[in-house]
Amino acid sequence: MHRAGYEAIGASFVYVPFAVTGADLPGALAGMRALGIRGLGVSMPFKLSVIPLLDHLDPVARRIGAVNTIVNDDGQLVGHNTDAWGAAHALSEALELEGKSVVVLGAGGAARAAVFAFCEAKMRVHLANRTLEKARELARAAAREGFSITVSNLGDLASHRPDAIVNCTSATMDEYGAESLVPEPMLSPGVVVMDIVYKPIHTRLLGLAERAGARTVHGGRMLLHQAGRQFELYTGRAAPLDAMDAALQRAIGQ
Ligand code: NAP
């Protein structure tokens, strides 16, 4: 996606994968400074541990408490989080967000970004997680920012009929077997179901939702939009989303 974007605007950037050898994160960031690398995408397990090593945090990353993007501004390393942008823009492809209700499944890093994004977009948010205390902790963090959300266990959703359901758990098909992550009556033609998991791109939840006639959004859409935001932060130019999307479609075989 990134390379296709650079090619589309004729920018002489390259985007390559790096492994952090021996989990030496300070060494990796020293390398970024020493080599003048403009930007780094940060994946798990480093999204939290990288924060104390940065010079500044963008307010969105500070609120979410996780960094997935670092921009090197003349030697000053600034941490950003583009997952919130990605979640809101992906869901808004299928639904006008303001005033709508959404059930978010999960309370990990990605759910945190999605919850803040949906609250910012003036949605009514209900958060359901396998471990209730983690959902409560996220609700307290949201309250500190002036947002009020409700919480429950993942198993207590039967009475909910939201406009949208967004899966931000990392539960794989192997783990929940033939079970649906949500009670099947919640899956109906009126609801939008988004799964942010992108490996596999067609998850069991999306399959069940499609069969119920619900509108679906797969994890590639969030991946695209969060990458588009990264592109803008790295290059200072508008992201050529069509070119990036075409590269994504090729990669996921659509
Ligand atoms: P994380 O911080 O490890 O959180 C994982 C969450 O999944 C927790 O809430 C956990 O519940 C829940 N969970 C795990 N296994 C479960 C199971 N068997 N049943 C029910 N709940 C389960 O992970 P993350 O960083 O938030 O990432 C979550 C997923 O989002 C990953 O698949 C990741 O690849 C994807 N993601 C996609 C994008 C995108 O652009 N599309 C961006 C970021 C992340 P407990 O609290 O009970 O443990």
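The shown structure was predicted, so the numbers you read here are calculated from the model rather than taken from an experiment. (Residues numbered from 1 in each chain as written. Predicted model: local features only at pLDDT ≥ 70, side-chain atom pairs only at ≥ 80, totals over all residues. Heavy atoms only, no water.)

## A short note on the environment of S43
Applied cut-off: A run of H or I in DSSP becomes a helix once it reaches four residues, and a run of E becomes a strand once it reaches two; helices and strands are each numbered from the N terminus. For every residue, the accessible area obtained with a 1.4 Å probe (protein chains only) is divided by the maximum for its type, and the residue is called buried under 20%, exposed over 50%, and partly exposed between those limits.
Relative to the assigned elements, S43 resides in the loop between β1 (39-41) and β2 (56-57). Judged by relative accessible area, S43 falls into the partly exposed class, the value being 48%.

## Focus on the packing of helix α1 (residues 2-9) against helix α9 (residues 219-235)
Short version of the rule: Geometry is summarised by axes, namely lines fitted to C-alpha atoms with helices restricted to the contacting stretch, and by angles between N-to-C directions that run from 0 to 180 degrees. For classification purposes, an angle smaller than 35 degrees is called roughly parallel, one larger than 145 roughly antiparallel, one from 65 to 115 roughly perpendicular, and anything else oblique. Each crossing gets its hand from how the near helix is turned against the far one by less than a right angle, where anticlockwise is left-handed and clockwise is right-handed. Any two residues whose heavy atoms approach within 4.5 Å at even a single point are treated as in contact. Three classes are used, and their members are as follows: Ala, Val, Leu, Ile, Met, Phe, Trp, Tyr, Cys and Pro are nonpolar, Asp, Glu, Lys and Arg are charged, and the others, Gly among them, are polar.
Viewed as axis vectors pointing N to C, α1 and α9 meet at an angle of 55 degrees, and their least axial separation amounts to 10 Å. On the basis of the axis angle, α1 is oblique to α9. As for how α1 packs across α9, the hand of that crossing is right-handed. Here H2, G5, Y6 and I9 of α1 lie close against α9, whose contacting residues are A227, Q230, F231, Y234 and T235. Looking at side-chain class alone, the contact of α1 with α9 contains five nonpolar, four polar and no charged residues.

## A look at the sheet that holds strand β10 (residues 215-217)
What counts, and what does not: Here, a strand pair is defined by DSSP locating no fewer than two bridges between the strands.
Taken together, six strands build an open sheet; the order of strands is β7-β6-β5-β8-β9-β10 and the sheet is parallel. The open sheet has two edge strands with one neighbour each: β7 (150-153) and β10. Taking the axes of each pair of neighbouring strands and ignoring which way they run, one obtains an average angle of 20 degrees across the sheet. In the sheet, strand β5 (residues 101-105) pairs with strand β8 (residues 164-167) via four bridges, with the strands oriented parallel. Along β8, the bridge assignment pairs V102 with A164. Sitting on the sheet, helix α4 (residues 83-91) is in contact with β8, β9 (192-195) and β10, with an inclination near 145 degrees to β9. This element, helix α6 (residues 132-144), spans β6 (124-129) and β7 of the sheet and lies at about 170 degrees to β7.

## Brief notes about the nonpolar core
Applied cut-off: In this description, a nonpolar core means a group of buried Ala, Val, Leu, Ile, Met, Phe, Trp, Tyr and Cys residues linked to one another through side-chain atoms lying within 4.5 Å. For the purposes of this description, domain bounds are those given by an automatic or database domain assignment.
L91, V104, F118 and V125 are the most contacted members of the largest nonpolar core, which totals 39 residues. In terms of residues, this core owes the most to one element, helix α5 (residues 109-120), which gives eight residues. Split by domain, the residues of this core number at least three in each of domain 1 (2-81 + 221-252) and domain 2 (84-218). In this view, V125 contacts V102, V104, V115, F118, C119, I149 and T150; residues no more than four positions away in its chain are not counted. Judged by nonpolar contacts, the second largest core, of 17 residues, contains L154, I165, V193 and L205.

## Considerations on the site of the ligand
We apply this condition: We call a residue near a molecule or strand as soon as one heavy atom of that residue lies within 4 Å of the molecule or strand. In protein, a polar contact requires one atom able to donate a hydrogen and another able to accept it; more generally it is a pair of N or O atoms within 3.5 Å, and residues adjacent in sequence count only if both atoms are side-chain atoms. What sets the accessible areas is the Shrake-Rupley method with a 1.4 Å probe; for residues, cover comes only from the shown protein chains.
The immediate surroundings of the ligand are formed by 23 residues, with A107, A110, N129, T131 and I196 found nearest. In the model, an oxygen atom of the ligand is placed 2.5 Å from a nitrogen or oxygen of the T131 side chain. One nitrogen or oxygen atom from the main chain of I196 is found 2.8 Å from a nitrogen atom belonging to the ligand. Protein coverage of the free-state accessible area of the ligand, which is 930 Å², stands at 80%.

## Some thoughts on the packing of aromatic side chains
Note on aromatic pairs: each is described by the distance of the centres and the angle between the planes. The following threshold applies: Aromatic contacts are taken between Phe, Tyr and Trp rings whose centres are within 6.5 Å, Trp giving its six-membered ring; a plane angle under 30 degrees counts as stacked, one over 60 as edge-to-face, and the others as tilted. By the criterion adopted, a ring carries a charge over it if an Arg CZ or a Lys NZ lies within 6 Å of its centre and within 35 degrees of its normal.
By the definition in use, this model includes four aromatic pairs. Seen from their ring centres, Y15 and Y234 are 6.3 Å apart, and the 40 degrees between their planes marks the pair as tilted. Taken together, the residues Y15 in the loop between α1 and α2 (25-35) and Y234 in helix α9 connect sequence positions 219 residues apart. On the basis of relative accessibility, which here comes to 28%, the residue Y15 falls in the partly exposed class. An aromatic cluster is built from Y6, F13 and F231, whose rings are joined through pairwise contacts. Over the aromatic face of W85 sits the side chain of R229, whose NZ or CZ is 5.0 Å from the ring centroid.

## Focus on the domain arrangement of the protein
Basically, it comes down to this: Here the quantity called buried area is the accessible surface, traced with a 1.4 Å probe, that two parts lose on coming together, added over both. The working definition used for a salt bridge is a side-chain nitrogen of Lys or Arg within 4 Å of a carboxyl oxygen of Asp or Glu.
Under the domain assignment used here, the protein contains domain 1 (2-81 + 221-252) and domain 2 (84-218). Put simply, the middle of domain 1 and the middle of domain 2, counted by C-alpha atoms, are 25 Å apart. Counting residues at the interface gives eleven residues for domain 1, matched by 19 residues for domain 2. When the two sides are added together, the surface that domain 1 and domain 2 hide from each other amounts to roughly 1500 Å², 64% of it contributed by carbon and sulfur. If you look at where domain 1 meets domain 2, you find three salt bridges. R221 is the salt-bridge partner of E93, the closest N and O atoms lying 3.0 Å from each other. Counting residues per element, the ones that place at least two in the side of domain 1 that touches domain 2 are α3 (59-64) and α9. A breakdown of the residues in the side of domain 1 that touches domain 2 according to their chemical character gives five nonpolar, three polar and three charged.

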